[in-house]
Each structure stands twice: as structure tokens, then as C-alpha cells.
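Listed below, chain by chain, are the residues.
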Amino acid sequence: MISRIGDELMFNAQALTLRAQRQEVLASNLANAETPNYKARDFDFGAALRAATGTPEPDAALAPLRLATTDARHLRGEAAAGLPVALRYRTPTQASIDGNTVDPDLERTRFADNALRYDAALRMLNGQIQTLQRAIQNN
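The written sequence of each chain sets the order in which its residues are numbered from 1. Restriction of local features to residues with pLDDT of at least 70 applies here, the model being predicted, together with a cutoff of 80 or more for giving and counting side-chain atom pairs; totals for whole chains, interfaces and linings are based on all residues. Just so you know, side-chain values use all the structure's heavy atoms and leave hydrogens and water out.

J.: Explanation requested: the packing of aromatic side chains in the structure shown.
T.: When we look at a pair of aromatic rings, we describe it by the centre distance and by the angle of the planes. Two rings from Phe, Tyr or Trp (for Trp, the six-membered ring) form a pair when their centres sit within 6.5 Å of each other. Planes less than 30 degrees apart are called stacked, planes more than 60 degrees apart edge-to-face, and all others tilted. Per the stated rule, a full pass over the model turns up 0 aromatic pairs. Comment: the charge-over-ring label is applied if NZ (Lys) or CZ (Arg) is within 6 Å of the ring centre and within 35 degrees of the ring normal. Just above the ring of Phe45 sits the side chain of Arg19; from NZ or CZ to the centre is 3.6 Å.

This is the structure:
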């Protein structure tokens, strides 16, 4: 029983951590909207959450690609945090002259969407904790 409660709380905690990490990536994109040759990045939240929780991919053909490094100085293309997040460059919808791939409108939309989902996940986790507290107090 206790392990099931811990698993449920851990799932939501990992989801919150991934949402916060994605918010940082999207904020970085917005902050660099005017930086020449900056490449917008993001990650697949669903795939990252599956990897963080150990849930298998629904289709093995859709497993994320890993970057090959041929030199020790190459960047690995993964986030520095402990969660399995593979940052990917976003394909621009319209090319810019200076090589920047950030679409500010798209980034603001994704930033707001992620913020709403973060808030919803936080409220859900808070509700779970309050329910557990009430159950413990009533017994």
C-alpha cells in the first residue's frame, strides 16, 4: 500500500520536474529570439516522462535517437539534470536571414501551455497529498 502511494507521488513529482525543465528550455528559446544563429530546442515531454518512470515506448520504432559522438569534446545532447531528457533542435517553420530558428509566437504559446500544465500537475499533486492527510486524520 505504501509503495503504491509512493509510486503515485513519485510519478507526479517527476512530471513536475520535467515540466519545470521544459519551462527553462522554452524560456531560453524566448530569451535568445534575437540571437543570430541560435537554434530553438525542445524535448518530447511524453517520451521523457515514459523514460523517467520506466514505462516502455508504445512502439520501439519511435524510440528517441541518440547522438553519436566521435570526439571526447563533443556535447552529448542531453540535459545536465538527472532526468532522461534528450533536447532536440526544432525545425523552423520559416527560415530567417540570421540563422535563428526561434519563432517567438510559437515559443510563447508553448511556454504558456507548459505553464498551465505545470500548474495543473501541481494542483493534482497537492490534492493527492491533502486526500492522504485527510485519510490519515480520519483514522
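More follows now that the structure is in view.
J.: What is the right way to read the packing of helix α1 (residues 2-31) against helix α3 (residues 104-138) from this model?
T.: Helix-helix packing: each pair is described by the crossing angle between the helix axes and the interaxial distance. With their axes 9 Å apart at the nearest point, α1 and α3 run at an angle of 160° to one another. In terms of axis orientation, α1 runs roughly antiparallel to α3. Relative to α3, α1 is oriented so that their crossing is left-handed. Residues belonging to the contact of α1 with α3 are distributed by class as follows: 17 nonpolar, 5 polar and 7 charged. Here, axes are lines fitted to C-alpha atoms. For helices the fit covers the stretch in contact, and angles between N-to-C directions go from 0 to 180 degrees. Secondary structure counts use DSSP, requiring at least four H or I residues in a row for a helix and at least two E residues in a row for a strand, with both numbered from the N terminus. What sets the label is the angle itself: under 35 degrees gives roughly parallel, over 145 gives roughly antiparallel, 65 to 115 gives roughly perpendicular, and the rest give oblique. Less than a right angle of anticlockwise turn of the near helix away from the far helix marks a crossing as left-handed, whereas a clockwise turn marks it as right-handed. Under the scheme applied here, ten amino acids are nonpolar (Ala, Val, Leu, Ile, Met, Phe, Trp, Tyr, Cys and Pro), four are charged (Asp, Glu, Lys and Arg), and all others, including Gly, are polar.

J.: Quick question: what am I supposed to make of the environment of Gly99 here?
T.: Relative to the assigned elements, Gly99 resides in the loop between β2 (88-89) and α3. Take Gly99: its relative accessible area is 19%, and that puts it in the buried class. Measuring from C-alpha to C-alpha, the distance between Gly99 and Asn37 comes to 4.3 Å, with 62 residues separating the pair along the chain. If we skip the residues at most four places from it in the chain, Gly99 touches Asn37, Tyr38 and Lys39. The classification of residues rests on relative accessible area computed with a 1.4 Å probe and restricted to protein chains. Under 20% of the type maximum is buried, over 50% is exposed, and intermediate values are partly exposed. By the convention used here, residues are in contact when the closest approach between their heavy atoms is within 4.5 Å.

J.: Please clarify how α3 should be interpreted in this entry.
T.: Think of an α-helix as turning once every 3.6 residues; residues three or four places apart then point the same way. Given a helix with a known number of residues, its expected span is that number minus one, times 1.5 Å. The terminal C-alpha atoms of α3 lie 51 Å apart, and with 35 residues this matches the ideal 51 Å at 1.5 Å per residue to within 8%. Three or more residues of α3 are buried, namely Glu107, Asn114, Ala121 and Leu125.

J.: Would you mind going over the pattern of salt bridges with me for this structure?
T.: A side chain of one charge can pair with a side chain of the opposite charge if their charged atoms are brought near each other. A pair is scored as a salt bridge if a Lys or Arg side-chain nitrogen falls within 4 Å of a carboxyl oxygen belonging to Asp or Glu. Counted according to the given criterion, the structure contains 6 salt bridges. Between Arg90 and Asp42 there is a salt bridge, and its shortest N-O distance comes to 2.6 Å. Taken together, the residues span a long stretch of sequence, with Arg90 in the loop between β2 and α3 and Asp42 in strand β1 (residues 41-42) at a distance of 48 residues. Both residues of the pair, Arg90 and Asp42, belong to the buried class. A salt bridge links Arg90 to Glu107; the shortest N-O distance between them is 2.0 Å.

J.: Quick question: what am I supposed to make of the packing of α1 against helix α2 (residues 45-53) here?
T.: With their axes 10 Å apart at the nearest point, α1 and α2 run at an angle of 140° to one another. With respect to α2, the axis of α1 lies oblique. In the crossing of α1 with α2, the sense of the turn from one axis to the other is right-handed. Where α1 approaches α2, its residues Phe11, Gln14, Ala15, Leu18 and Arg19 are matched on the opposing element by Phe45, Ala48, Leu49, Ala52 and Thr53. Classifying every residue of the contact of α1 with α2 gives 7 nonpolar, 2 polar and 1 charged.

Limitation: the analysis is restricted to geometry and does not speak to function.
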